[in-house]
Structure formats: structure tokens, C-alpha cells
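Chain residues, written in single-letter form:
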Amino acid sequence: MKARLTKDFILEAAQFLPNAPEGHKCRQMHGHTFTIEISIEGEVDPATGWIYDHAQISAAMKPIIAQLDHKLLNDVPGLANPTIELMAHWLWEKLEPQLPGLAEIVIHETPFARCSYRGE
């Protein structure tokens, strides 16, 4: 049996988008409550009944959340222009070596706007 496991994380951070067009509101400093969904796909172990322990996802995300939460994202190495598209790719690069079966990262910057990334 194959399944997808998704775990959500929330962080608060400030950002500005220096590459947005002149006059665009996102060139100014602003903040978001980001919701990050990390999804893993794989075979369910018949002995445990899970793909693997949710705690593995939490352990991989813990230092990343510490690096991003209540920070200016532009100051984080690799996030000088922290669009949610570039953030999703940045997260993928950090998580893929630690999370076998990483299938998708979704970042919500508002309740109505999000980006989905599948490592492509």
C-alpha cells in the first residue's frame, strides 16, 4: 500500500521582494504567517502501519524553522529574493537529503495564496 503523509508547520517572518517591479507593494518590507506543508510518499510498512514516523519530518524542519521564524527572510543565505517559489525550492534542497520520499512542499503566504513545488 502506498500513501502520502503531510505535516504542517507555521512560522512568522518579514520579507521584501527586491526584484518585484518598481512601485509593487511587495518591494516594501512586510510580513506573513507562512504555513508550510511537507508531504512524503511511500510504501506503508505493514508492521508499523505508517510510511515513517511524523517525528522525522519535525526533526528535519526544527532547525529550518529556527532559522526562519521571526526573521527577515532576505537575510537568510539563499533567500535574498524570498518569493514563495524560491522558498519552496530552498526548502526542498535542505529537506530532500533528510526525508526519503519527499514528494511536495506547499507554502501558503496567505490563506488565499500558495505555491506547490515537487522538486522539478
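Preceding this paragraph is the structure being described.
Being a predicted model, the structure only gives us computed values, none of them experimental.

*Asks:* I'd like a rundown of the packing of helix 1 (residues 54-68) against helix 2 (residues 84-95), residues and numbers included.
*Replies:* Running from amino to carboxyl end, helix 1 crosses helix 2 at an angle of 140°, the nearest separation of the two axes being 10 Å. One finds that helix 1 runs oblique with respect to helix 2. For the crossing formed where helix 1 meets helix 2, the hand is right-handed. For the pair helix 1 and helix 2, contact is made by Ala60, Met61, Ile64, Gln67 and Leu68 and by Trp90, Leu91, Lys94 and Leu95, respectively. Of the residues that constitute the contact of helix 1 with helix 2, the class distribution is seven nonpolar, one polar and one charged.

*Asks:* Explain the nonpolar core to me, and be specific about the residues and the numbers.
*Replies:* Ranked by size, the top nonpolar core spans 33 residues in total, and within it Ile38, Met61, Leu95, Leu99, Ile105 and Ile107 carry the most contacts. Sorting the residues of this core by element identifies strand 1 (2-15), strand 2 (30-43), helix 1, helix 2, strand 4 (102-110) and strand 5 (113-117) as the ones contributing at least two each. Top contributing element to this core by residue count: helix 2, with seven residues. When near neighbours in sequence (up to four residues on either side) are disregarded, leucine 95 contacts Ile38, Ala60, Met61, Ile64, Leu102 and Ile105.

What counts as what
Residues numbered from 1 in each chain as written. Predicted model: local features only at pLDDT ≥ 70, side-chain atom pairs only at ≥ 80, totals over all residues. Heavy atoms only, no water. Axes fitted to C-alpha atoms, helices over the stretch in contact; angles between N-to-C directions. Helix = DSSP H or I, 4+ residues; strand = E, 2+ residues; numbered from the N terminus. Parallel < 35°, antiparallel > 145°, perpendicular 65-115°, else oblique. Left-handed = near helix turned anticlockwise from the far one by under 90°. Contact = heavy atoms within 4.5 Å. Nonpolar A, V, L, I, M, F, W, Y, C, P; charged D, E, K, R; others polar. Core = buried A, V, L, I, M, F, W, Y, C linked by side-chain atoms within 4.5 Å. Buried < 20%, exposed > 50% of the residue type's maximum accessible area, 1.4 Å probe, protein only.

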